[in-house]
Amino acid sequence: MNFIFLGPPGAGKGTLAAAVSASYGIPHISTGEIFRAAIKAQTPLGCKVKAIIDSGSLVGDDITVELVKERLSQPDTKNGFILDGFPRTIAQAEALEKFARIDCAVNFDIDDNGVVERLSGRRVCRTCSHNFHVVFMPPEKENICTHCGGELFVRDDDKPEAIKHRLEVYRAQTAPLIDFYRSKNLLKDIDAKPATDLVLQAFQTAFPKERT
Ligand code: AP5
C-alpha cells in the first residue's frame, strides 16, 4: 500500500515509519531526512534550504514536489511506500495526485503538550541520524548513539522558538490536509500518545500485513 503519514511535528511519524518500513518491507521516504542529508553534505539544495529548516518554516512547494516525484520514480517504491512529512500543503497534495496513487493518509494525533515534550527531549545521532528521547527512548550512554557510537545533538528546529513556529506552520498549512483526505475517504486517525509499540500495534491492526 502507498501511505502518507500526517500529524504535527514530533507526533512520532518518523519513529513509526521506520518500524513500519522494517516490518512491512516498504521504503520510508522522509522529506525532512532528505533535506537534512543535503544540508549535512553541503549540496546546493542543502545550502538553499538550511536557514528555512532551522527556523521551522516550510521549503517551497516546487522544490519539494520535484524531489518526491524523482524519489517515487525509483523501483523500490513499486510495492508500496510511506511518505513521511509530505505532502505538507494542499498544493503539494494536489501535485502528488498527478504522479502517485495514495491508498491511505494516516493521521497521528497528539496534543501540543505532547509535541513539546517529545521534541524538546529528542536527541539525534550526528553520524547515523537515529532518533532518541532523553526520557522515552534514552540511549544506553548519555549523548552517545547506542547503534553506532556517534555523538547525539539537538536539532536546531527543536529549540523552543522553532518548535512554537513549527506548530503554527503546521496548523496553518498542514492541518487542512486532514479534511482534504477525509473528504476523499482516505483518512485513518491513529492515537499517537501511547508508547511506540502500542502505536505500532494499532497500525498493524488497522492495516494487516496480508492486506497491504
Ligand atoms: P520533518 O523532519 O518532516 O519534521 P516534522 O514533521 O516536524 O517531524 P519531526 O521529524 O520533528 O517529528 P516526527 O513526527 O517524525 O517525530 P519523531 O518520530 O522524530 O521536517 C523538518 C523540516 O523540513 C520542516 O520543518 C520543513 O522545513 C522541511 N520539510 C520537510 N518536509 C517538507 C515538505 N513536504 N514541504 C516543505 N518543507 C518540508 O519523534 C519525536 C521524538 O519523540 C523523538 O525523540 C522520539 O524518540 C520520541 N517518540 C516518538 N514516538 C514516541 C512515542 N510513541 N512515545 C514516546 N516518545 C516517542
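Scoring rules and cut-offs
Residues numbered from 1 in each chain as written. Predicted model: local features only at pLDDT ≥ 70, side-chain atom pairs only at ≥ 80, totals over all residues. Heavy atoms only, no water. Near = heavy atom within 4 Å. Polar contact = N/O pair within 3.5 Å; in protein donor to acceptor, adjacent residues only side chain to side chain. Areas by Shrake-Rupley, 256 points an atom, 1.4 Å probe, with all protein chains shown as cover. Helix = DSSP H or I, 4+ residues; strand = E, 2+ residues; numbered from the N terminus. Pairing = 2+ DSSP bridges. Axes fitted to C-alpha atoms, helices over the stretch in contact; angles between N-to-C directions. Contact = heavy atoms within 4.5 Å.

Draft legend 1. Summary view of the site of the ligand. If you check the shell around the ligand, you find 35 residues, and the closest are Thr15, Ser57, Arg88, Arg122 and Arg166. One nitrogen or oxygen atom from the main chain of Gly10 is found 2.9 Å from an oxygen atom belonging to the ligand. In this structure, a nitrogen atom belonging to the ligand sits 2.9 Å away from a main-chain N or O atom of Pro194. Relative to its unbound accessible area of 1000 Å², the ligand is 97% covered by the protein chains. Of all the elements in the fold, those that place two or more residues in the shell around the ligand are helix H1 (13-24), helix H2 (31-40), helix H6 (112-120) and strand E6 (131-133). Sort the elements by how many residues they give to the shell around the ligand and H2 lands first, with four residues.

Draft legend 2. The arrangement of the sheet that holds strand E2 (residues 28-30) in detail. The sheet built from five strands is open, its strands ordered E2-E3-E1-E4-E8 with parallel pairing. For this open sheet the edge positions go to E2 and strand E8 (187-191), each flanked by a neighbour on one side alone. The mean angle between the axes of side-by-side strands here comes to 25 degrees, regardless of whether they run parallel or antiparallel. Across three bridges, E2 lies against strand E3 (residues 81-84) in parallel orientation. Counted as the bridge partner of Ser30 is Asp84 from E3. Contacting strand E1 (2-6), E2, E3 and strand E4 (104-109), H1 crosses the sheet at an angle of about 170 degrees to E3. Packing of H2 onto the sheet brings it into contact with E2 and E3, and relative to E2 it is tilted by some 65 degrees.

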